[in-house]
Amino acid sequence: MPKDMRSWIGQLEAAGELIRIVKPVHPHTQMGALLYQSREKGLLFENLYGFPGWRSLGMAPANLRHAALAFDTTIEKLIPTAAERTLKRRPVELVSTGPVKDVILTGDQVDLTKLPAHVAGSEETPYIASGLMVARDPDSGIRNVAFHRLQIKGPRKTGALIVPRHTRQILNKYEARNRPMPVSIFIGHHPLYYMAAASTGAFEMDELELAGGLIGESAKVVKSETNDLEVPFDAEIVLEGRVLPNVREDEGPFSEFHDYYVAGMGKNPVIEIDCITMRHDAIFKAIQNGSEVEGCVFHKVPFGVAVYNHIKNIGGYVNLHNVLVLPGLFGIVVQMTPRFYGEAKQVLMGVLSSPILHPKVAIAVDEDVNIFNYWEVLWAINTRCNPQDDIVVIPGTRIHPMDPTGFEPVPPGGPYWHRIGGKVIIDATKPPLCAGEQAGKPFQRLKPMGWESVRLEDFLP
Ligand SMILES: Cc1cc2nc3c(=O)[nH]c(=O)nc-3n(C[C@H](O)[C@H](O)[C@H](O)COP(=O)(O)O)c2cc1C
Ligand SMILES: [Mn+2]
C-alpha cells in the first residue's frame with residue numbers, strides 16, 4: 001500500500017481515530033482552538049471559511065497511540081521498533097512525474113495567502129508549520145530535509161526559523177558566497193516522512209533515505225520545476241523558492257513545542273517562493289504545535305529513538321526497555337534494569353549528552369514501572385529515589401535555546417544562538433541486579449491477591 005497522506009487518513013479512519021468536521025471552520029480564528037482540544041482524534045476539516053474547495057488535516061498523529069499506528073505497532077513497542085527501523089536506509093527512486101505535479105503555479109499565480117494556513121496561537125499570524133524543507137549542500141551535494149516554520153509575509157514571501165543545525169550549516173555556505181539557497185518545501189505526507197525530517201543524525205544522513213527505511217520502501221521523488229531539488233512525488237503541495245542571502249527580518253511569535261511563544265523570534269531568514277505545485281484536490285496539512293499536541297508527537301518519537309539508540313550501548317550494553325519523552329520535551333524517562341551500582345546514573349548522563357539538545361531532566365525507572373502512566377513515574381521518584389544520593393544537578397551546560405529558564409548569551413538569527421543552564425539526573429531505580437535478591441526485597445511492588453485471574457469486569461452488574 002502506498003504510504004502518503006491519503007493512505008494515512010484511511011488508516012486513521014479505519015481505526016476509529018479520525019473525525020471529519022463538516023461544519024465550516026475558520027483557519028484564522030477557530031482551527032487552533034479545535035486542534036488544541038483534540039488530543040485523542042485526528043481532525044479532517046472539510047469546509048473552511050474563506051478558503052473554498054480546501055480541506056485540512058490536523059492532529060494526525062494527535063498522540064503516541066496514533067504514532068504507533070503509523071509504525072503499525074503498539075505504544076509499548078513504538079520506540080524500540082522505530083529505533084530499529086531508523087538504522088535502515090533506502091535510496092530514493094527518481095520518477096518522471098506524480099500527483100504533486102497535477103497543478104503548477106508560477107509567477108503571479110503564486111499566492112501563499114490563498115493556502116488555508118491556520119493561526120495556531122493567540123499572539124500569532126498565519127504560519128505553515130507542516131512544511132518539510134529540502135536543501136542541498138553546495139559542496140558535497142548531500143541532501144537535507146527538516147521542519148522549518150514558515151510565517152506567511154506576502155503572496156510570495158515567508159519568514160523562516162532555521163536553528164543552528166543542518167539546514168543552517170548549508171545556509172551558512174550559501175550566505176558566505178552571497179548566493180540564495182534553493183529550497184523545495186513539501187507540505188502534507190505520511191507521518192513517517194515527518195518523523196524522518198525531525199530525526200537527528202549525521203549531516204550525511206539523507207532524511208528521505210531514512211523515510212524509506214521507516215516506511216519499508218524507497219521514497220519516490222520528482223524533480224522540482226525551478227531548481228534541481230527532488231521532492232516526494234506523492235506529497236500534497238510543494239513550495240519552491242530561495243532563502244535570500246544575508247537578509248534578516250522580524251519573525252514570530254509562534255506556538256512552540258513547550259507551550260511558550262518566546263522561542264526563536266527575532267531577526268530571521270526570509271524566503272521568496274517562485275512556484276507552487278500540488279494535487280488537483282490537495283489537502284492542506286495543519287500542525288498545531290505545543291506541548292502534547294501534534295508538533296510534539298513529531299518530536300517525541302525521533303527524540304526517543306535517538307536517545308534509545310545512543311544509550312543502549314553505554315558501557316557496552318544496557319538492559320534497556322523503553323524511553324519516554326515528557327511534556328515540554330525537556331524531560332526523558334528511561335525504563336531499564338540496572339545491573340551495576342551507578343549504571344543508571346551513567347545512562348542518564350548519556351541522556352543529557354546525546355544528539356538531542358532538549359533533555360535537561362533525566363529520570364531512570366525499573367522494568368516494573370509503567371512509564372506511560374505518569375503517576376507511576378512519580379511514584380518511583382517518590383519511593384525509589386533517595387535525593388541525597390540519587391539526584392545530581394549539573395550546572396552551566398548548553399541547554400536548548402528555547403528553554404526560557406536559561407541564560408541567552410547570543411540572540412536568535414545567527415549561527416551561535418544558544419542558552420546556558422542546569423541539568424538534573426534522577427535515579428529512581430531500586431538496587432541493581434548485582435546487589436542480589438535481598439537488597440531488592442524492600443522494593444518489591446505489592447500485588448493484590450488474585451491479580452492474575454480475578455477481573456473486575458466479570459463482577460460488574
Ligand atoms: C513540529 C516541528 C517543528 C519544527 N520547527 C522548526 C523550525 O521552525 N526551525 C528549525 O530550525 N527546526 C524546527 N524543528 C526541528 C527540526 O526539524 C529538527 O531539529 C531536525 O532534526 C533538524 O534537521 P537537521 O538536523 O537535518 O537540520 C521542528 C521540528 C518539529 C517536529
Ligand atoms: Mn539532517
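Here's what I pulled together on the structure shown here.

Parameters and conventions
- Residues numbered from 1 in each chain as written.
- Chains lettered and ligands numbered in written order.
- Predicted model: local features only at pLDDT ≥ 70, side-chain atom pairs only at ≥ 80, totals over all residues.
- Heavy atoms only, no water.
- Pairing = 2+ DSSP bridges.
- Helix = DSSP H or I, 4+ residues; strand = E, 2+ residues; numbered from the N terminus.
- Axes fitted to C-alpha atoms, helices over the stretch in contact; angles between N-to-C directions.
- Buried < 20%, exposed > 50% of the residue type's maximum accessible area, 1.4 Å probe, protein only.
- Polar contact = N/O pair within 3.5 Å; in protein donor to acceptor, adjacent residues only side chain to side chain.
- Near = heavy atom within 4 Å.
- Areas by Shrake-Rupley, 256 points an atom, 1.4 Å probe, with all protein chains shown as cover.
- Nonpolar A, V, L, I, M, F, W, Y, C, P; charged D, E, K, R; others polar.
- Core = buried A, V, L, I, M, F, W, Y, C linked by side-chain atoms within 4.5 Å.
- Contact = heavy atoms within 4.5 Å.
- Phe/Tyr/Trp six-rings, centres within 6.5 Å; stacked < 30°, edge-to-face > 60°.
- Parallel < 35°, antiparallel > 145°, perpendicular 65-115°, else oblique.
- Left-handed = near helix turned anticlockwise from the far one by under 90°.
- Patch = residues over 30% accessible without salt bridge, like charges linked within 9 Å, V, L, I, M, F, W, Y side chains within 5 Å.
- Salt bridge = Lys/Arg side-chain N within 4 Å of Asp/Glu carboxyl O.

1. Considerations on the sheet that holds strand E18 (residues 283-285)
Point 1. Sheet architecture is open: four strands sit in the order E1-E2-E3-E18, paired in mixed fashion. Taken across any chain shown, the strands that pair with only one partner, and hence form the sheet edges, are strand E1 (18-21) and E18. If you compare each strand with its neighbour and ignore which way they point, the axes differ by 25° on average.
Point 2. The pairing of strand E3 (residues 55-58) with E18 spans three bridges and is classified as parallel. Looking at the pairing, Ser-56 lines up with Phe-284 of E18.

2. Some words on helix H7 (residues 207-215)
Working note: α-helix, 3.6 residues per turn, so residues spaced by three or four point in the same direction.
Point 1. Counting buried residues in H7 gives eight out of nine residues, a clear majority hidden from the surface.
Point 2. Within H7 the residues assigned to the buried category are Glu-207, Leu-208, Leu-210, Ala-211, Gly-212, Gly-213, Leu-214 and Ile-215.
Point 3. Two or three places before Leu-208, at the start of H7, stands the capping residue Asp-206, its side-chain oxygen 2.8 Å from that residue's backbone nitrogen.

3. Concerning the environment of Gly-421
Point 1. As for its placement among the helices and strands, Gly-421 is situated in strand E24 (residues 418-427).
Point 2. In sequence terms Gly-421 and Glu-408 are 13 residues apart; their C-alpha atoms lie 9.4 Å from each other.

4. Concerning the site of ligand 1
Point 1. Neighbouring ligand 1 are 19 residues, the closest being Asn-144, Arg-149, Leu-161, Val-163 and Arg-165.
Point 2. Separating an oxygen atom of ligand 1 from a backbone N or O atom of Val-163 is a distance of 2.9 Å.
Point 3. Ala-198 is positioned with one of its backbone polar atoms (N or O) 3.4 Å from an oxygen atom of ligand 1.
Point 4. Calculation on ligand 1 without its partners gives an accessible area of 630 Å², and the protein chains cover 93% of this total.
Point 5. Contributions of two or more residues to the shell around ligand 1 are made by strand E8 (143-147), helix H5 (166-176) and helix H8 (294-311).
Point 6. Class assignment for the residues of the shell around ligand 1 results in eight nonpolar, eight polar and three charged.

5. Considerations on the nonpolar core
Point 1. One finds Leu-57, Phe-186, Met-195, Val-301, Ile-311 and Val-334 to be the most contacted residues of the largest nonpolar core, which totals 93 residues.
Point 2. The biggest single contributor to this core is H8, with 10 residues.
Point 3. Setting aside its immediate chain neighbours within four residues, Val-334 contacts Ile-311, Leu-320, Asn-322, Val-347, Leu-348, Val-351, Ile-363, Ala-364 and Val-365.
Point 4. Leu-43, Phe-51, Trp-54 and Leu-171 belong to the second-largest nonpolar core, a separate cluster that totals 41 residues.

6. Here we look at the packing of aromatic side chains
Point 1. Taken as a whole and assessed by the stated rule, the structure comprises seven aromatic pairs.
Point 2. Their ring planes at 90° and their centres at 6.3 Å tell us that Phe-186 and Tyr-193 sit as a pair that is edge-to-face.
Point 3. A residue is classified by how much of its surface remains accessible, and Phe-186, at 0% relative accessible area, is buried.
Point 4. Under the relative-accessibility criterion, Tyr-193 is labelled buried at 6%.
Point 5. Ring centres of Tyr-194 and Phe-298 lie 5.1 Å apart, and the angle between their planes is 25°; this geometry places the pair in the stacked category. In this pair, Tyr-194 is assigned in helix H6 (residues 191-197) and Phe-298 in helix H8, connecting sequence segments 104 residues apart.

7. Comments concerning the environment of Pro-401
Point 1. Following the sequence through the fold, Pro-401 ends up in the loop between strand E22 (391-399) and strand E23 (407-410).
Point 2. Judged by its relative accessible area of 6%, Pro-401 is buried.
Point 3. Measuring from C-alpha to C-alpha, the distance between Pro-401 and Val-307 comes to 19 Å, with 94 residues separating the pair along the chain.
Point 4. Excluding residues that lie within four positions of it along the chain, Pro-401 makes contacts with Leu-357, Glu-408, Trp-417, His-418 and Arg-419.

8. So, the packing of H8 against helix H9 (residues 343-351)
Point 1. Contact pair H8 / H9: the axes reach a minimum separation of 9 Å and the direction vectors enclose 135°. By the criterion of interaxial angle, the relationship of H8 to H9 is oblique. The handedness of the crossing between H8 and H9 is right-handed. Two secondary-structure elements touch here, H8 through Val-307, His-310 and Ile-311 and H9 through Val-347, Gly-350 and Val-351.
Point 2. Considering only residue class, the contact of H8 with H9 consists of four nonpolar, two polar and no charged.

9. A look at a nonpolar patch on the surface
Point 1. Judged by side-chain polarity, Val-454, Leu-456, Phe-459 and Leu-460 come together as a nonpolar surface patch covering roughly 460 Å² of accessible area.
Point 2. By the secondary structure assignment, Val-454 is in the segment after helix H12 (437-440).
Point 3. Overall, Val-454 belongs to the partly exposed group, its relative accessible area being 46%.

10. What to know about unusual backbone geometry
Point 1. In this chain, Ala-60 is followed by Pro-61 through a cis amide linkage whose omega measures 15°.
Point 2. Mapping Pro-61 onto the fold places it in the loop between E3 and helix H3 (64-70).
Point 3. With an omega of -5°, the peptide bond between Gly-252 and Pro-253 qualifies as cis.
Point 4. You will see that Asn-246, though not glycine, has its phi angle at about 60°, which is positive.
Point 5. Along the polypeptide, Asn-246 turns up in the loop between strand E14 (237-243) and strand E15 (249-251).
Point 6. Using a relative accessible area of 46% as the deciding quantity, one classes Asn-246 as partly exposed.

11. Details of the side chain of Asn-322
Point 1. Within the secondary structure layout, Asn-322 lies in strand E19 (residues 320-325).
Point 2. In terms of polar contacts, Asn-322 uses its side chain to reach the backbone carbonyl oxygen of Glu-76, at 2.8 Å.
Point 3. Residues within four places of Asn-322 in sequence aside, it is in contact with Glu-76, Ile-79, Pro-80, Tyr-308, Val-333, Val-334, Gln-335, Ile-371 and Phe-372.

What is shown is where atoms sit, not what they do.
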